[in-house]
Amino acid sequence: MLTKFETKSNRVKGLSFHSKRPWILASLHSGVIQLWDYRMGTLIDRFDEHDGPVRGVHFHQSQPLFVSGGDDYKIKVWNYKTHRCLFTLLGHLDYIRTVQFHHEYPWIVSASDDQTIRIWNWQSRTCVSVLTGHNHYVMCASFHPKEDLVVSASLDQTVRVWDIGALRKKTVSPADDILRLSQMNTDLFGGADAVVKYVLEGHDRGVNWAAFHPTLPLIVSGADDRQVKLWRMNETKAWEVDTLRGHMNNVSCVMFHAKQDIIVSNSEDKSIRVWDVTKRTGIQTFRREHDRFWILAAHPEMNLLAAGHDSGMIVFKLERERPAFAVSGDSMFYCKDRFLRFFEFLTQRDNQVIPIRRPGSTSLNQSPRTLSYSPTENAILICSDVDGGSYELYVIPKDNIGRGDSLPEARRGIGTSAIFIARNRFAVLDKSNNQVLVKNLKNEVVKKSALPIATDTIFYAGTGNLLCRSEDKVVIFDLQQRLVLGDLQTPFVKYIVWSNDMETVALLSKHAIIIASKKLVHQCTLHETIRVKSGAWDDNGVFIYTTLNHIKYCLPNGDCGIIRTLDVPIYITKVSGNTIFCLDRDGKNRVIVIDATEYIFKLSLLRKRYDHVMSMIKNSQLCGQAMISYLQQKGFPEVALHFVKDERTRFNLALESGNIQVAVASAKEIDEKDHWYRLGVEALRQGNAGIVEYAYQRTKNFERLSFLYLITGNMDKLSKMLKIAEVKNDVMGQFHNALYLGDVQDRVKILENAGHLPLAYITASVHGLQDVAERLAAELGDNVPALPKGNVPSLLMPPSPVICGGDWPLLRVMKGIFEGGLDSVGRDEVDEEEEGAEGDWGEELDMVDADGLQNGDISAILEDGEEAEGNEEEGGWDLEDLDLPPEAETPRVSANSRSAVFVAPTPGMPVSQIWIQRSSLAAEHAAAGNFDTAMRLLSRQLGIRNFNPLKSMFLDIHAGSHSYLHAFTSAPVVSLAIERGWNESASPNVRGPPALVFNFSQLEEKLKAGYKATTGGKFKEALQLFLSILHTIPLIVVESRREVDEVKELIIIVKEYVLGLKMEISRRDIKDNPLRQQELAAYFTHCNLQIPHLRLALLNAMTVCYKAKNLATAANFARRLMETNPANESQAKTARQVLQAADRNMTDATQLNYDFRNPFVICGATYVPIYRGQKDVSCPYCSSRFVPSQEGQLCTVCDLAVISADASGLLCSSSQIR
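Attention here is on the structure that accompanies the text. The structure displayed is predicted, hence computed values, not measured ones.

Tallied over the entire structure, the rule returns 43 salt bridges. The residue R369 makes a salt bridge to D385 at a minimum N-O spacing of 3.3 Å. With a gap of 16 residues between them, R369 in the loop between β32 (350-355) and β33 (370-374) and D385 in the loop between β34 (379-384) and β35 (390-395) connect regions that are remote in the sequence. A residue is classified by how much of its surface remains accessible, and R369, at 37% relative accessible area, is partly exposed. Here R1068 ties to E1064 by a salt bridge, and the two come within 3.0 Å at their closest N and O atoms. Here the residue R1068 and the residue E1064 both occupy positions in helix α26 (residues 1041-1069), the gap between them amounting to 4 residues, near one helical turn. If you follow the salt bridges from partner to partner, you end up with E6, K8, R288 and D291 in one network.

What follows is about the sheet that holds strand β7 (residues 65-70). Ordered by their spatial adjacency, 4 strands build an open sheet running β6-β7-β8-β9, and the pairing between neighbours is antiparallel. Each edge of the open sheet carries a strand with a single partner, namely β6 (54-59) and β9 (84-90). Across the sheet, the mean angle separating the axes of adjacent strands is 20° when strand polarity is ignored. Across 5 bridges, the pairing between β7 and strand β8 (residues 74-79) is antiparallel. Residue pairing across strands places G69 opposite I75, the latter belonging to β8.

With their axes 8 Å apart at the nearest point, helix α7 (residues 647-657) and helix α8 (residues 660-670) run at an angle of 150° to one another. Classified by the interaxial angle, the pair formed by α7 and α8 is roughly antiparallel. The hand of the α7/α8 crossing is left-handed. Residue-level contacts link E647, R648, R650, F651, A654 and L655 of α7 to V662, A663, S666, A667, E669 and I670 of α8.

Residues apart from glycine generally show negative phi values, whereas peptide bonds are mostly found in trans. Of note in the backbone geometry, Q115 takes a positive phi value of approximately 75° without being a glycine. Turning to its location among the elements, Q115 is positioned in the loop between β11 (107-112) and β12 (116-121). Here Q115 falls in the partly exposed class, since its relative accessible area comes to 33%. Located in the positive-phi region is M502, a residue other than glycine, with phi close to 60°. Relative to the assigned elements, M502 resides in the loop between β45 (493-498) and β46 (504-509).

Rules used throughout
- Residue positions are counted from 1 within each chain, in the order its sequence is given.
- Where local features are concerned, this predicted model is filtered to residues with pLDDT of at least 70; where side-chain atom pairs are given and counted, the filter is 80 or more; whole-chain, interface and lining totals use all residues.
- For the side-chain quantities, the full set of heavy atoms in the structure was used; hydrogens and water were omitted.
- Put simply, a salt bridge is a Lys or Arg side-chain nitrogen that is within 4 Å of an Asp or Glu carboxyl oxygen.
- Segments assigned H or I by DSSP are reported as helices when at least four residues long, segments assigned E as strands when at least two residues long, and all are numbered from the N terminus.
- Burial classes: relative accessible area under 20% of the type maximum marks a residue as buried, over 50% as exposed, and values in between as partly exposed (1.4 Å probe, protein chains only).
- Any two strands with at least two DSSP-identified bridges between them are counted as paired.
- Note on definitions: angles span 0 to 180 degrees between N-to-C directions of axes, and those axes are lines fitted to C-alpha atoms, for helices only across the stretch in contact.
- Here the word oblique covers every angle except those under 35 degrees (roughly parallel), over 145 (roughly antiparallel) and from 65 to 115 (roughly perpendicular).
- Handedness of a crossing follows from how the near helix is turned relative to the far one, being left-handed for an anticlockwise turn of less than a right angle and right-handed for a clockwise one.
- Any pair of residues with heavy atoms lying within 4.5 Å of one another is described as a contacting pair.

The quantities given are spatial measurements derived from coordinates; they are silent on function.
Dropping the structure here:
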């Protein structure tokens, strides 16, 4: 039994599969109806309008309807698309047991405890017939799949078959008016629409279920007498054929399997039983521990069954449907219908080779599981589950392919999996001894080899090599050298697929695909929500795979996508070009032609085959948002540009790829203020002053335009901006422009005209315009403002521009492959001409020359300008007759000059991004400023949750791996990344890892300082030093594996000191509890300390205990002290005196929680001993041990990690990753 899906819920009383979608309805004893997607394993909907248990439920075959019947005497018809009940059919007077739609007519049949069966018309919403005759509850009723019959089962111990032919005739040709009267009479007094054809008697108790065979004239029934009975019928009579005994309690449901000659029944004895119809014997039994079974349902088209029990339901298959096959070059061997067959991919010729399995096996799931082929010897190994796992070896005569008549003798053997590993050698897995037996073609053992892991299946991995699978791991094992060549942690692998060159392998598990190299070095992992079924490699190194409902692809970098949708699952055997060869579940060969353009295009981009990319863009229909966003995401916006017709998208892509020309053309088409502004920002970033100016002119952005002229040093245009501000009567604009120009007289004049006489007077006085200042002083009279004494005035002059006029100097770069060659692809040729027509930006800006005009004219022109603002033909600001000097002309962009215009190179990847691209070291992420991922890595590797102690170190690492340069005053500071291990011979394009401020040698210095402070009794200072070592280690990077071991050793050393010192400090803080003081002093001696420190700890503990009259314990410390051979004579003397005193009186005044004979570790939080054999939990970082109640708390020793958190372990060197 292969369980595909399982739910946990209230008791399931009714089940129904949808005929097309992967859905199943389950009606519950609680009154809820659940709609599940059994393929995805999700609850789609729930319907709960019934009051009380719902015992029957059924999907309509073609309409979006289902029907349900419950203990509230109601039959409800629902529309699952609108999620509501359409109507309720009332008429039954007791619980409704089953409901079913007719496959053809608009009928529903229902069975009820009111002893009747009713047939309803769901279109007219009326009851069309009542079938009376049973004299107890009717437990089920169902239509025959083809004929006009209904079968019903009742607790009156009978099964009845009803003929409803008359009802069908009445429905097809409704009665005319004359007949309608008699029709009404028969309706009232029980008519002859449905008559009992047979009454089947034979059960000794009430019958719970009866069902028709889908094609043969057979009926099966199950009853409370624990028997399943098989009945046959013909035109005139029906009789009992046989009884199937085996159930231990009431049989609740029974049915024929649509595709095999079997009966499936379930019972309140908590079992499902499978019976052979022809032999009338039990084949298999599936039991549940605690749940009684109530209902069975079969999928109308697929090989799926479902069973409802006390605590939910299961969807299952009885047998695997995956055909066993082995591909060799351009041909394939596969098993179908007890025959081995041979298929040639080129000619698509399909031949029968030899008959295989002995027919008539009594048990299910005996079909071949795997097939292995040796082309040189023409030998086939077939593995199946017969006898708990066995293999058969056939050597096929060369001339036998295509004849399939003679049967070569099979050599058999026991083994769960067997595969060829060389021309004439095959390996058989002996699971009980965890070894493989290598055998020759005579089935003789040549050699035995123990396996490195507990293996449950072996796969081929190249000549002489095996891929061994366990629950969560795969390894490649060389049988000759008995070496493990590679291993990989994986989810449970079901199938493996090697690439054609045996360099790459795809490991397929239920919901994931792992792609790895031939040495099992991980390359990428794909996760699927629904089951992965099969896969094969195409000629380009792309992995094509199928799930239950899609064919998909996976590129070498892990990018994946859908190629097409599937109606039924298939098993890919070979991919050749855009043709997929596959086997379906019936073992038929199918050929599917796919469109490979999308993944070939992505592969060409990935492999930088830009010539292919070019031709594909020109010749294929690649388009759509998905492709554009893929190109953007992968850093090819300039390629995406050639797909796009939509101007807004073109504009965004052009800005992203720095293509100002295309952006200008798109901005003209869109002509919105926001787009012109963004164009201006990008052009300014590139230093293209002409286009910045043009963008600001189009949006009439005078302030920005003035500032642009200021920084480019264009004084002529600035003075014209001043005149324009005057014409526009914009006082602030005038003042700013005068300020930018350094024109003091104009500023005074503007202030005076605006009525700011005091400000005008001060400006004139400070700048030495005495005559103007006197005139203004006369006007102000007594209100002349006083100037501050002693201050020396200085002129406020505009700064000199960095680069006067013109565009910034740019690098010369080679034109990219995507420039020029594709210009004509994305847009029509007309656009090019339009661009040429209005490309002369120099003439667009028509400014007013105030010298050549009288004031009246200016105001008149401005009034016209205000009206004609939207008029595109005038362009610019619609102010006429200003001839700009020739050298300030803006650049022309015309169709023919387009290819010569320089395009700025796209910025490279920042070094900080290169650092983090492949690194799993937290320190390198912190150096790049990526604190978030550094924290995530530390959390994953060491279980760290408290990052407060690490904050300053993160900042130090980031600052220490960068240097900062000042270029010149108006430019921003340039940050430079500092790399580790740089030298002059290094390649300029290869980036090294970041230089880090913390290194291992610093920690060794700190360790020595800590030791020194401990010896000197400065415990708090020593504790700070040791803690700072613990806090720095997560951000240390070392080179070799040996140094990694040293770092791990250092953690253990430091952790012991931190724990010991914390206990000693807390002991000194305790004043009023001498018992606890002694315990802590005793525990301190069990920390792993250096010998000098251990002596001091022992001396200390001995003294404390001796003073407290605990002589036996003090003697133990004295003995341990003597064992260390103390060089200090006073220490040895004290110890000897204590031993002498204790010998006279070997007792303890108080009982301590301390047993030195029983080995223990100390809890880092509560400071109590955890003796050997007691449960404990540990810190994933510093490995300190704690009592179980501390689980989930912050470790009190390192103050970083969470106790007992999941963590993969310290990663401090790139050598660990390799």
